[in-house]
Amino acid sequence: MKLKQLESLLGDLQQFSNPKIELEQYPTGPHIASRLLYTAENSFDDISNKVVADFGCGCGTLGAAAALLGAEQVIGIDIDSQSLEIVSMNAEDLELDIDFVQCDIGNLGWRGQIVDTVVMNPPFGTRKKGVDMDFLFVALKVASRAVYSLHKTSTRDYVKRAALRDLNASSAEVLCELRFDIPQLYKFHKKKEVDIAVDLWRFVPKRSRGKDS
């Protein structure tokens, strides 16, 4: 599938009608989502025929992109039941098979590296400090191949240092810098939209003992 076609399909997905600020629910736009998954597949072969988990899946844009690119199984995980209802409708509209788990990422009871790839646009931590790294900590425990994640460019040095030193990453690489468009979703937003510089990261987890290297 070509990048433009992928972006076009993702642009038709339903998004939050009443986003929850406490969960930092900002939709991942089709431009960023398509590039994240397209890069993961075409540069690293991390999506097709792989088991892919979408952490904090929201409306399911990243998970849908993974399914469209031929993932063997896609699992969308979110704490919010309304988000999972939207994901379910989006999957139905595109005739995609996506599994869902309603769960706080911090309470995810998976043991070992049971998925190939994790894709995520975690909360940036403006409401709950450090939540982005909590997501990354769990992702690097359950993925065997790679974790793709978006983080504010302003946190680049910290993210790299923490991932390699504390979070089980064997490598941490910024693939590109993107502009994350935040629309005027909440009452406290004064501007119609704001662009935030974000990094698209690829993290490779250390191998579990007993795994082939």
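As the structure is a computational prediction, the values presented were derived from the model and not from experiment. (Residues numbered from 1 in each chain as written. Predicted model: local features only at pLDDT ≥ 70, side-chain atom pairs only at ≥ 80, totals over all residues. Heavy atoms only, no water.)

Trainee: Mind showing me how you'd approach the packing of helix H1 (residues 3-10) against helix H2 (residues 30-42) here?
Mentor: When two helices pack together, their arrangement is given by the angle between the helix axes and the distance between those axes. Between H1 and H2, the shortest axis-to-axis distance is 9 Å and the interhelical angle comes to 135°. The angle between H1 and H2 falls in the class oblique. Here the hand of the crossing between H1 and H2 comes out right-handed. On H2, the residues that touch Leu3, Leu6, Glu7 and Leu10 of H1 are Pro30, His31, Ala33, Ser34, Arg35 and Tyr38. Of the residues in the contact of H1 with H2, the class split is 6 nonpolar, 2 polar and 2 charged. (Axes fitted to C-alpha atoms, helices over the stretch in contact; angles between N-to-C directions. Helix = DSSP H or I, 4+ residues; strand = E, 2+ residues; numbered from the N terminus. Parallel < 35°, antiparallel > 145°, perpendicular 65-115°, else oblique. Left-handed = near helix turned anticlockwise from the far one by under 90°. Contact = heavy atoms within 4.5 Å. Nonpolar A, V, L, I, M, F, W, Y, C, P; charged D, E, K, R; others polar.)

Trainee: So what exactly am I meant to see when it comes to the side chain of serine 34 here?
Mentor: Residue placement: serine 34 occurs in helix H2. Setting aside its immediate chain neighbours within four residues, serine 34 contacts Leu3, Leu6, Glu7 and Leu10.

Trainee: How should the pairing of strand E3 (residues 99-102) be read in this particular structure?
Mentor: In summary, the side chains of a regular strand alternate between the two faces of the sheet. Across 4 bridges, the pairing between strand E2 (residues 73-78) and E3 is parallel. Bridge assignment links isoleucine 77 to a residue of E3, and that residue is valine 101. In this region the chain leaves E2, passes through helix H4 (residues 81-93) and returns to the parallel neighbour E3; the handedness of that crossover is right-handed. (Pairing = 2+ DSSP bridges. Right-handed = clockwise from strand over helix to strand, strands pointing away.)

Just distances and angles here, no functional claims.
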